[in-house]
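Given next are the chains, with one letter for each unit.
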Amino acid sequence: MPEQLSDIGLVGLAVMGQNLALNIADHGFRISVYNRTTATMEKFVAENPSTPGGLAGFASLADFVASLKRPRRVIILVKAGAGTDAVIDQLVPLMEQGDIVIDGGNANWNDTIRREKALKAKGLRFIGSGVSGGEEGARFGPALMPGGDFEAYKEIEPVWNAIAAKVDHTTGKPLTGAAPGKPIVGGVPCSTYIGPDGAGHYVKMCHNGIEYGDMQMICESYSLMANLLGMSAGECGKVFAEWNTGVLDSFLIEITADILQQKDPMTGGFLVDYILDTAGQKGTGKWTSVSALDMGVPAATIAESVFARYISAVKDERMAAAKILTGPKANVDGDRKAFIQAIHDALYCSKICSYAQGFQLMREAQKEYHWTLKFGEIAMIWRGGCIIRARFLQKIKEAFDRNATLANLLLDPYFKSEVDRCQANWRQVVAAASLNGVPVPTFSSALSYYDSYRAERLPANLLQGQRDFFGAHTYERTDQPRGRFFHIDWPEPGRPQLEA
Ligand code: 2AM
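With respect to the packing of helix α9 (residues 233–243) against helix α10 (residues 251–261)
Two measures define how a pair of helices packs: the angle their axes make with one another and the distance between the axes.
Moving on, step 1. Running from N to C, α9 and α10 cross one another at 160°; their axes reach a closest spacing of 7 Å. In terms of orientation, α9 lies roughly antiparallel with respect to α10. Where α9 crosses over α10, the handedness of that crossing is left-handed. Seen from α9, the contacting residues are Ala233, Gly234, Cys236, Gly237, Lys238, Phe240, Ala241 and Trp243; seen from α10, they are Ile253, Thr256, Ala257, Leu260 and Gln261.
Moving on, step 2. Here the contact of α9 with α10 is composed, by residue class, of eight nonpolar, four polar and one charged.

So, the site of the ligand
Moving on, step 1. Looking at the ligand, the residues that line it are Gly12, Leu13, Ala14, Asn35, Arg36, Thr37, Val78, Lys79, Gly83, Ala86 and Val87.
Moving on, step 2. In the model, an oxygen atom of the ligand is placed 2.7 Å from a nitrogen or oxygen of the Asn35 side chain.
Moving on, step 3. Calculation on the ligand without its partners gives an accessible area of 480 Å², and the protein chains cover 75% of this total.
Moving on, step 4. Across the shell around the ligand, the residue classes break down as five nonpolar, four polar and two charged.

Observations regarding the pairing of strand β1 (residues 8–11)
Moving on, step 1. With burial as the criterion, each face of β1 is covered, one bearing Ile8 and Leu10 and the other bearing Gly9 and Val11.
Moving on, step 2. Traced from β1 through helix α1 (residues 15–26) to strand β2 (residues 31–34), the parallel crossover comes out right-handed.
Moving on, step 3. Bridge count for β1 against strand β4 (residues 73–76) is three bridges, and the pairing is parallel. Paired with Val11 across the two strands is Ile76, which belongs to β4.

A closer look at helix α17 (residues 413–436)
Given 3.6 residues per turn, any residue in an α-helix points the same way as the ones three and four places further on.
Moving on, step 1. The first and last C-alpha atoms of α17 sit 34 Å apart over 24 residues, in line with the 34 Å expected at 1.5 Å per residue.
Moving on, step 2. Of all bends in α17, the biggest is about 50°, found at Cys422.
Moving on, step 3. All of the buried residues along α17 are Phe415, Glu418, Val419, Cys422, Gln423, Trp426, Val429, Val430, Ala432, Ala433 and Asn436.
Moving on, step 4. Where α17 is buried, its residues contact α8 (199–229), α14 (336–369), α16 (392–402) and α18 (441–453).
Moving on, step 5. In this structure Asp412 caps α17, since a side-chain oxygen of it lies 3.0 Å from the backbone nitrogen of Tyr414.
Moving on, step 6. Looking one or two residues beyond α17, the residue adopting positive phi is Gly437, at roughly 75°.

Points about the domain arrangement of the protein chain
Moving on, step 1. One can read the domain layout of the protein chain as domain 1 (8–197), domain 2 (202–374 + 389–453) and domain 3 (462–500).
Moving on, step 2. In this structure, domain 2 and domain 3 have C-alpha centres spaced 39 Å apart.

Some details on the side chain of Ser223
Moving on, step 1. Within the element layout of this structure, Ser223 appears in helix α8.
Moving on, step 2. Setting aside anything within four residues of it in sequence, one finds Ser223 in contact with Leu228 and Val438.

Some words on the packing of aromatic side chains
Moving on, step 1. Applying the stated rule across the entire model yields 23 aromatic pairs.
Moving on, step 2. Taking 5.5 Å as the distance between ring centres and 40° as the angle between the ring planes, the aromatic pair formed by Phe375 and Phe400 counts as tilted. Separated by 25 residues along the polypeptide, Phe375 in helix α15 (residues 375–381) and Phe400 in helix α16 bring together distant segments of the chain.
Moving on, step 3. Among the residues examined, Phe400 registers a relative accessible area of 5% and is labelled buried.
Moving on, step 4. Between Tyr414 and Phe415 the ring centres are 5.2 Å apart and the planes differ by 75°, which places this aromatic pair in the edge-to-face class.
Moving on, step 5. The exposure class assigned to Tyr414 is partly exposed, which follows from its relative accessible area of 21%.
Moving on, step 6. The class for Phe415 is buried, based on a relative accessible area of 0%.
Moving on, step 7. Members of the aromatic cluster, each reached through a chain of ring pairs, are Tyr348, Tyr355, Phe392, Tyr414 and Phe415.
Moving on, step 8. Looking at Lys263, its charged tip hangs above the ring of Phe270, at a distance of 5.4 Å from the centre.
Moving on, step 9. One cation-aromatic arrangement involves Lys395 over Tyr414; the distance from NZ or CZ to the ring centre is 4.8 Å.

Some details on the pairing of strand β7 (residues 143–148)
Moving on, step 1. Within β7, six of the six residues are buried, which leaves it mostly tucked inside the rest of the structure.
Moving on, step 2. Here β7 shows no split at all, with Ala143, Met145 and Gly147 on one side and Leu144, Pro146 and Gly148 on the other all buried.
Moving on, step 3. One ladder, built from six bridges, connects strand β6 (residues 125–132) with β7; its direction is antiparallel. Its bridge partner being in β7, Ser132 is matched across the sheet by Ala143.

What counts, and at which threshold
Residues numbered from 1 in each chain as written. Predicted model: local features only at pLDDT ≥ 70, side-chain atom pairs only at ≥ 80, totals over all residues. Heavy atoms only, no water. Axes fitted to C-alpha atoms, helices over the stretch in contact; angles between N-to-C directions. Helix = DSSP H or I, 4+ residues; strand = E, 2+ residues; numbered from the N terminus. Parallel < 35°, antiparallel > 145°, perpendicular 65-115°, else oblique. Left-handed = near helix turned anticlockwise from the far one by under 90°. Contact = heavy atoms within 4.5 Å. Nonpolar A, V, L, I, M, F, W, Y, C, P; charged D, E, K, R; others polar. Near = heavy atom within 4 Å. Polar contact = N/O pair within 3.5 Å; in protein donor to acceptor, adjacent residues only side chain to side chain. Areas by Shrake-Rupley, 256 points an atom, 1.4 Å probe, with all protein chains shown as cover. Buried < 20%, exposed > 50% of the residue type's maximum accessible area, 1.4 Å probe, protein only. Right-handed = clockwise from strand over helix to strand, strands pointing away. Pairing = 2+ DSSP bridges. Expected span 1.5 Å × (residues − 1). Bend = angle between axes of the 7 residues up to and from the residue. Domains from an automatic or database assignment. Phe/Tyr/Trp six-rings, centres within 6.5 Å; stacked < 30°, edge-to-face > 60°. Lys NZ or Arg CZ within 6 Å of the ring centre and 35° of its normal.

Structure follows, in structure tokens:
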């Protein structure tokens, strides 16, 4: 039995696990750590001899569990999927009634729902917590999205609030400047209870889906500057740096400015010009899109950003097609400065649509899974720590403060006026891209979403006619109440039209 019991334990010492453990210890909590490969644990503990709370490493899982205060709180941060199940299976026999297991990995929310149920049946409590912000976030303050048993959440809340990123009380801006042993004190924590069972991991997944959209939209902006205006990567980077001082102020725009201006150590040119254009992915954007398809939510812009990665990945096929297929030669004259502003506005409007889709998806999911999500709070905790952190999220929070049941962000007065102000430029950019053969899948998808969402009448009347023609699927009528279904015997193709 160790002399001093730990406040919390963590299993899985890859970089995320190590950084989260150091973050927890920096806030004065004593933490026990365990890793399947013992050497990793030993190295980690040896390299960090003096943390404010203290790190205690264990080579045996049983000793690790015995080192924790009751009710025990164990964070799992291992490879999502089979890795998490393997650790849970080993942990469960060692734990006691009321102990708490917290999965901080990128779990699929369906797995979290399953695990919560299975552990509850054994008298254990389970929290599935989204952790966003990458390695840096884990070390100095991530955005945290805990879901699961509420009483269990209350027991981890002091730790979660302590280690989360912090934003300023009044401006909502992230508080920066944390260093090892010197965490940020004060401010509003970017962590809140999201809801039961899989809610936290679902919301984290939507965060990632939105992140896919943001990244692709930024890439399209860069592509337009490079391909239509002939700008160098460095020149594009300077534009992004300028954009980062306005409504688009965000982590992703900030790092884009730096990435584009980064010189290649091997050639002295701009590094992005040498990076192969094939995108990878870990699947959360796909999960978001699959969930949207399953629930019938038109999150087309987010899905387009996943497809954009897929088409980038078939590089060899594209190289072959480029030799065969033709298109217009890019040619844009006119006011460069005005066109750059138009790209800015196109990005801004597309971003509003993408977030509108993400929040609509969460709204639908809460019905499907019987959660009550607080959208203002979700926007609030995304203001700091996470990859999509942005000034913009303060505006989304304010929109949900004005109307907690807002059906679509586009209907909020602020966002409506912003789209009104910027949409002419947005349309001009999508048109120019299309006329010049530059692909802008998310910009154009967002614009179609906007125009579809505001359309009183879509051509689905014809579609219902087609469905009734070949499959007798019936249709409703514009001159009859909803819910009354009609069918006619359509003429066979080639037969004369029926008399009225
Ligand atoms: P390892 O160091 O022993 O490989 C990321 O892969 C983290 O998850 C690592 O800490 C890794 O442990 C751990 N991990 C992956 N699969 C695991 C499993 N099946 N059981 C326990 N830990 C696992």
